[in-house]
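In case you want the letters, here they are:
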Amino acid sequence: MPSRKTDVVDNLTVVRLVRLTREGTTDVGAVADLPPAPAPPGAKAGAHFGRTAMPTRHEVRCYECRYEFSITGQAKQTHCPKCRAIIEMQDYCVEGDWAQDVKTAGTIHIAVGATVRDGVLIGGNIVLAGALKGGRVEAYRRLELAAGAQFTEEAIRARDLRVQAGAEIVLRQAASFREVEILGKLSGSVMVTGRIDIRAGGCLEGTARGPRLMVEEGGGLLAELRIGAEDDLPRKPAPRGAP
Amino acid sequence: MEPSQQSLITADVEIAGTVKSAGAVRIEGKLEGELICAGDASVGKSATIKGNLTVNSAVIEGAVNGNISAKDKIEMKSTARVNGDIKSRRLSVEDGVTFVGKSEVNPSSTGGAGAAPSTKPEPAAGGPKADDARPNIFGKR
């Protein structure tokens, strides 16, 4: 006679086993054939957990040794697995005058009316809505430029750039980013290694160069473009032994 | 426009010269010359055009080596390869296009060469003033 063992021992099987034991049944194989337990009063019919909610995953870059790693869940601090430096994960908001260093893997929000006069602000994301009159900001993920942002190109450094709706940003020097998302107006020369994304209501003026472009209907484009041209695409490494 | 009114240039057709049409045109073959189209133009995936396009609106999926001027809209699909300048009132570009050229698309501007002529009839002399030209939601006045 074939054995009627359950293949998977999950929480439901355990609950059914407990019920079975209470009812005095000893046939373990009958567990799978048991009718479902009656729903508690007030419970919705068919309510069940469809999937397991996974904790949020964060990409973190150590601002001491630049090592990149990822953590899951929420934390105020973490350690760099490489250099063991303590990494702040909190978000900061700069209001008023500021002249000190800030280092965090979270978001730094330089609010409207705030003025950064000195110091280095390093963050995962940086939202610049105030003035940057001294010091510099470094966002290892995304820099968001809001309406009223004042800065010089030398003072900002970011992997991705986002121009918020209503912002009118002029870049006097050629700037290079991984990805650029434009919801406001961006004038200048932009070079990207990823994608330029012009959303409805956004406008790009000047020159742009990169492998990918996307324009939503309603987006403006008054620019000289070089998108996806073969000589601009990243080249495959030459095979070994090749001249 | 109904598909039956669309002129089709199939993939096995090559045309050298100017193509003029009052209606919609779909090109799947090769065209060496200009396309002037009062309607909508579709450039299929297998199409190759060497010349300028002057159209009402254009959907590009193939290769265009020339300038595109559209009164209303230019739509570049992911397979589009455009080598030339574009001028239009509206633009949509899918990820994956190849585009080398200048673009003049400014939806916020009301005028411009790309702007379509207004289809609104001019108010006749003695007609309602601009202040009275409210939208008539009840049909006939």
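Owing to the predicted nature of the structure, the values given are computational and were not obtained by experimental measurement. Throughout, a residue's number is its position along its own chain's written sequence, starting from 1. Numbering of ligands from 1 and lettering of chains from A proceed in the order in which they are written. Note on the predicted model: pLDDT of at least 70 is required for a residue's local features to be given, and 80 or more for side-chain atom pairs to be given and counted; whole-chain, interface and lining totals, by contrast, use all residues. Side-chain calculation: all heavy atoms of the structure are included, whereas hydrogens and water are not.

Engineer: Describe the overall build of chain A, with residues and values.
Structural biologist: If you tally the helices and strands in chain A, you get 1 helix and 21 strands. Buried residues are those whose accessible area, probed at 1.4 Å on protein chains only, stays under 20% of the maximum for their type, while exposed residues exceed 50% and partly exposed ones sit between those limits. For chain A, with 243 residues in total, the buried portion stands at 40%. Pairs at least 24 apart in sequence give 7% of the contacts found in chain A among residues at least 6 apart. We get accessible surface area from the Shrake-Rupley algorithm with a probe of 1.4 Å; when it comes to residues, only the shown protein chains can shield them. Carbon and sulfur atoms make up 51% of the accessible area of chain A, which amounts to about 14900 Å² in all. The way it works is that DSSP assigns letters per residue, a run of H or I at least four long becomes a helix, a run of E at least two long becomes a strand, and they are numbered from the N terminus. We call two residues in contact whenever any of their non-hydrogen atoms come within 4.5 Å of each other.

Engineer: An account of the pattern of salt bridges is needed here, citing residue identities and associated values.
Structural biologist: Salt bridge, as used here, is a side-chain nitrogen of Lys or Arg placed within 4 Å of a carboxyl oxygen of Asp or Glu. Using the criterion set out here, one finds 26 salt bridges over all chains in the structure. Of the charged contacts, one joins Glu216(A) and Arg199(A) as a salt bridge, the two residues approaching to 3.0 Å between their closest N and O atoms. In this pair, Glu216(A) sits in the loop between strand 20 (212-215) and strand 21 (220-227) while Arg199(A) sits in the loop between strand 18 (195-198) and strand 19 (203-210), placing the two residues 17 residues apart along the sequence. Under the relative-accessibility criterion, Arg199(A) is labelled partly exposed at 25%. If you follow the salt bridges from partner to partner, you end up with Arg142(A), Glu144(A), Arg162(A), Glu181(A), Arg195(A), Asp197(A), Arg199(A), Arg212(A), Glu216(A) and Asp95(B) in one network.

Engineer: Explain helix 1 (residues 11-23) of chain A to me, using residue names and the numbers behind them.
Structural biologist: All names here are of chain A. End to end, helix 1 covers 19 Å across 13 residues, agreeing with the expected 18 Å (1.5 Å per residue, within 8%). Turning to helix 1, its buried residues are Thr13, Arg16 and Leu20. Here the buried residues of helix 1 occupy an arc of 65° about the axis, which is enough to place them on one side. The exposed residues of helix 1 that point more than 90 degrees off its buried face are Asn11, Thr21 and Arg22. Any helix carries an expected span of 1.5 Å times its number of residues minus one. Within this analysis, the arc is defined by the directions that extend from the helix axis to the C-beta atoms.

Engineer: Tell me what's going on with the sheet that holds strand 11 (residues 131-132) of chain A, and back it up with residues and numbers.
Structural biologist: In a beta sheet, neighbouring strands are held together by backbone hydrogen bonds and run either parallel or antiparallel to one another. Here a strand pair is declared whenever DSSP counts at least two bridges between the two strands. In spatial order, the strands read 6-9-11 (chain A); together these 3 strands make up an open sheet with parallel pairing. In this open sheet, the two strands that pair with only one neighbour each are strand 6 (97-98) and strand 11 of chain A.

Engineer: Just give me the short version of the environment of Glu34(B), but keep the residues and values in it.
Structural biologist: Residue and element names in this part refer to chain B. With respect to the helices and strands, the residue glutamate 34 is situated in the loop between strand 5 (30-32) and strand 6 (35-37). Assessed through its relative accessible area of 30%, glutamate 34 is described here as partly exposed. In this structure, the C-alpha to C-alpha distance between glutamate 34 and glycine 17, residues 17 residues apart in sequence, is 6.7 Å. Each residue touching glutamate 34, except ones within four places of it in the same chain, is listed here: Gly17, Thr18, Val19, Asn52 and Thr54.

Engineer: Tell me about the pairing of strand 1 (residues 57-61) of chain A, and name the residues and values.
Structural biologist: Residues and elements named next belong to chain A. Summarising the sheet, strand 1 and strand 2 (residues 68-72) pair through 5 bridges and their orientation is antiparallel. Residue pairing across strands places valine 60 opposite phenylalanine 69, the latter belonging to strand 2. If you look at the hairpin formed by strand 1 and strand 2, you'll find 6 residues sitting between the two strands, and arginine 66 has a positive phi there, around 65°.

Engineer: Pulling in residues and values, what's your account of the confidence of the model for chain B?
Structural biologist: Residues and elements named next belong to chain B. As a per-residue quantity, pLDDT reports the predictor's confidence and falls between 0 and 100. Scored by pLDDT, chain B comes out at a mean of 80, with 74% of its residues at no less than 70. Taken as a whole, residues 110-141 scores under 50 in pLDDT and shows 16 contacts with residues more than four places along the chain or in a different chain. Under the prediction, the complex receives an ipTM of 0.73, its pTM being 0.73.

Engineer: Describe the interface of chain B and chain A, naming the residues involved and giving the relevant values.
Structural biologist: Listed per partner, the contact involves 19 residues of chain B and 20 residues of chain A. For any pair of parts, buried area is found by adding up, for both, the accessible area (1.4 Å probe) each one loses once the two are put together. At the boundary of chain B with chain A, total buried surface from both sides reaches about 1500 Å², with 51% on carbon and sulfur atoms. Among the residues of chain B in contact with chain A, Val93(B), Asp95(B) and Phe99(B) are the three that bury the most area, contributing 30% of the side total. Across the chain B-chain A interface, the total number found is 4 salt bridges. In this structure, Arg195(A) and Asp95(B) form a salt bridge, with 3.1 Å as the shortest nitrogen-oxygen distance. Polar contacts here mean pairs of N or O atoms no more than 3.5 Å apart (in protein, one a potential hydrogen donor and the other a potential acceptor; neighbouring residues in sequence count only if both atoms are side-chain atoms). Linking chain B with chain A are 10 residue pairs in polar contact (both at pLDDT 80 or more), by the criterion used here. Elements with a contribution of two residues or more to the side of chain B that touches chain A: strand 14 (90-93) and strand 15 (98-105) of chain B. At 8 residues, strand 15 of chain B tops the list of elements feeding residues into the side of chain B that touches chain A. The pairing of strand 21 of chain A with strand 15 of chain B spans 7 bridges and is antiparallel. Bridged to Ala223(A) within strand 15 of chain B is Ser103(B).

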